Amino acid sequence: MDSRKVSCSICLDLLKDPVTIPCGHSYCMNCIKTCWDEEDQRRIHSCPQCRKDFIPRPVLVKSTMLAELVEELKKTGLQAAPADLCYAGPEDVSCDVCTERKLKAVKSCLVCLASYCEKHLQPHHEAPPLQKHQLVEPSKKLQENICPRHDEVMKIFCRTDQQCICYLCFMDEHKGHETVSAAAGRAEKQKELEASRQQIQQRIQDRQKDVKLLQQEVEAINVSADKTVEDSEKTFTQLIRLIQKRSSDVKQQLRSQQETEVSRVKELQEKLEQEITELKRKDAELEQLSHTEDHNQFLHNYPSVSALSESTHSSSIKSRPRRHFEDVTAAVEELRDKLQDVLRDMWTDISLRVSEVDVLLPQPEPKTRDGFLKYSQEITLDPNTANRYLLLSEGNRKVTLMEQQQSYPDHPDRFTYYYQVLSRESLTGRCYWEVEWSGRGVCVAVAYKDIRRAGSSDDCEFGFNDKSWALYCDTNSYEFWYNNARTPVSGPGSSRVGVYQDHRAGVLSFYSVSETMTLLHRVQTTFTQPLHAGVWVFNKGSTAEFINLK
């Protein structure tokens, strides 16, 4: 016996506590009860299959005969209705032939432009004319194969307009166009699709390799950073211990020398005190002799008084300068200054090496001022590099060209001829800063630290050698100079210039900054050393200030 005849059309399983309603259809007691409970508000109850209405709600009574039949079927091992007889839901493609409750379609026919359940699909398997029809997975879009203008099946593909058309379209508005059958058009597009898929799959493989490389890079960065932190901490600890050892040595040497010198001084002090006692005794003898009234007695006793010996100490003490350990203090301070210079210079190299780990993910140049401000660098000017006619102010961020020389001490880093000054900071990585200028003109530049300072040769002048890059600004125009080569620059005039540097990428860009930012000139090169920001002020009274952007 076919199990479908004793299956519930609601749960699609064998009937449980079967009941037969007045129209003759049978359901599980709970299934039909639940269905009618939902219809209670309408006060009309209908059959889920034939949609016949019942008023009032029928009383459900278990069908003993059906229950016994179901039990017999269970014993024979028969199962519930197969899935291909499932009824179609709102999201399913339904059979176009079913007249009562529609079943799910199992196939759609591209010739008939209809969808069929398993039962109604049988003619396509059995009738020779129908066996040639093309069956596909159930589709709700079959009507899209019908020409909206002529209501004909679209079997032609117009290459000219890249669309499917019917034979009437081919004879009308597509006449003269390059056309092929829909199957041929599909074959062409299928080749393109396969090529696109191959490209996508290849790109997926490439990206997966990239992801794997990035994962490996993350692991390598973490391992290297952890080891470097550990090693650098050990090195700095050794350096601190070395300084502490030298401090202890100096302290010990000072204390030892202090003890020696104090001992020498006390020894000399004792000798001097003995000499004072002897002198006082001799002075008393001489005083007593001086009071002798008998001339003969005075002359007789005078030779017995020993002659006064010359002091061997007082003259040397008077002639020695009173300096003790002040020279040691000066020597230690000199050592401190040299260490600070070494640490500052070496820190630049360390910072540059740290920034070199950015090898796989180069950062694009910012597009907005807010983007540039993320890399803002505070710049302070180094007084030891300033020409003597330059006055530094505003915390060494502003420079003014003066009439009179300033009282700067001699220093090998000082520009002696050109009115130039460099920043104290050495710049690596990605940096951005802005210079506000006034007067007739200034030069905004960057340079290597080893640019020549003394004299008036091109080796000292910003932009006239291979150690500096310079943007010359005046009230009407700009010029860029590098290695004594001039490049005219056009752009809106502004009293503020922005400078962006990506040391690793070798990028140096100058911007005119006002309400908007305008690129004036961009350099792509290879930097071999850290850079220093610099300015050259041309006229008396002109100023240039590095703006604090933080």
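- Under an unreviewed UniProt entry, the name given to the protein is Tripartite motif-containing protein 16-like, and the source organism is Kryptolebias marmoratus.

**A word on the nonpolar core**
Moving on, step 1. Val399, Trp433, Trp469 and Leu471 are the most contacted members of the largest nonpolar core, which has 37 residues in total.
Moving on, step 2. For Leu471, the residues in contact, after removing those within four places along its chain, are Val442, Cys443, Val444, Tyr478, Glu479, Phe480, Val489, Val497, Phe510 and Leu520.
Moving on, step 3. Counting 16 residues, the second largest nonpolar core, distinct from the first, contains Val6, Leu15, Val19 and Cys31.

**Some thoughts on the domain arrangement of the protein**
Moving on, step 1. If you check the domain split of the protein, you get domain 1 (3-77) and domain 2 (369-547).
Moving on, step 2. Each of domain 1 and domain 2 has a C-alpha centre, and the two are 92 Å apart.

**Details of the pairing of strand β14 (residues 430-438)**
Moving on, step 1. Two strands pair when backbone bridges link them, and β14 and strand β19 (residues 496-502) are joined in this way by seven bridges, in the antiparallel orientation. By the bridge assignment, Arg430 is partnered in β19 with Asp502.
Moving on, step 2. Two strands pair when backbone bridges link them, and β14 and strand β23 (residues 543-546) are joined in this way by four bridges, in the antiparallel orientation. Bridging across to β23, Ser438 finds its partner in Thr543.

**Describing the packing of aromatic side chains**
Moving on, step 1. Enumeration over the complete set of coordinates arrives at 19 aromatic pairs.
Moving on, step 2. Taking the centre distance of 5.0 Å and the plane angle of 10° together, the rings of Trp469 and Tyr482 count as stacked. With Trp469 in strand β16 (residues 468-474) and Tyr482 in strand β17 (residues 478-482), the pair connects residues that are 13 residues apart, well separated along the chain.
Moving on, step 3. Taking the relative accessible area as the measure of exposure, Trp469 reaches 2% and is therefore buried.
Moving on, step 4. These aromatic residues form a ring-pair network of at least three members: Tyr417, Tyr418, Phe464, Tyr472, Trp481, Trp536 and Phe538.
Moving on, step 5. Directly above the ring of Tyr87 sits Arg101, whose terminal nitrogen or CZ lies 4.3 Å from the centroid.
Moving on, step 6. Positioned over the ring face of Tyr389 is Lys540, at 5.9 Å from the centre of the ring.

Conventions and cut-offs
Residues numbered from 1 in each chain as written. Predicted model: local features only at pLDDT ≥ 70, side-chain atom pairs only at ≥ 80, totals over all residues. Heavy atoms only, no water. Core = buried A, V, L, I, M, F, W, Y, C linked by side-chain atoms within 4.5 Å. Buried < 20%, exposed > 50% of the residue type's maximum accessible area, 1.4 Å probe, protein only. Contact = heavy atoms within 4.5 Å. Domains from an automatic or database assignment. Pairing = 2+ DSSP bridges. Helix = DSSP H or I, 4+ residues; strand = E, 2+ residues; numbered from the N terminus. Phe/Tyr/Trp six-rings, centres within 6.5 Å; stacked < 30°, edge-to-face > 60°. Lys NZ or Arg CZ within 6 Å of the ring centre and 35° of its normal.

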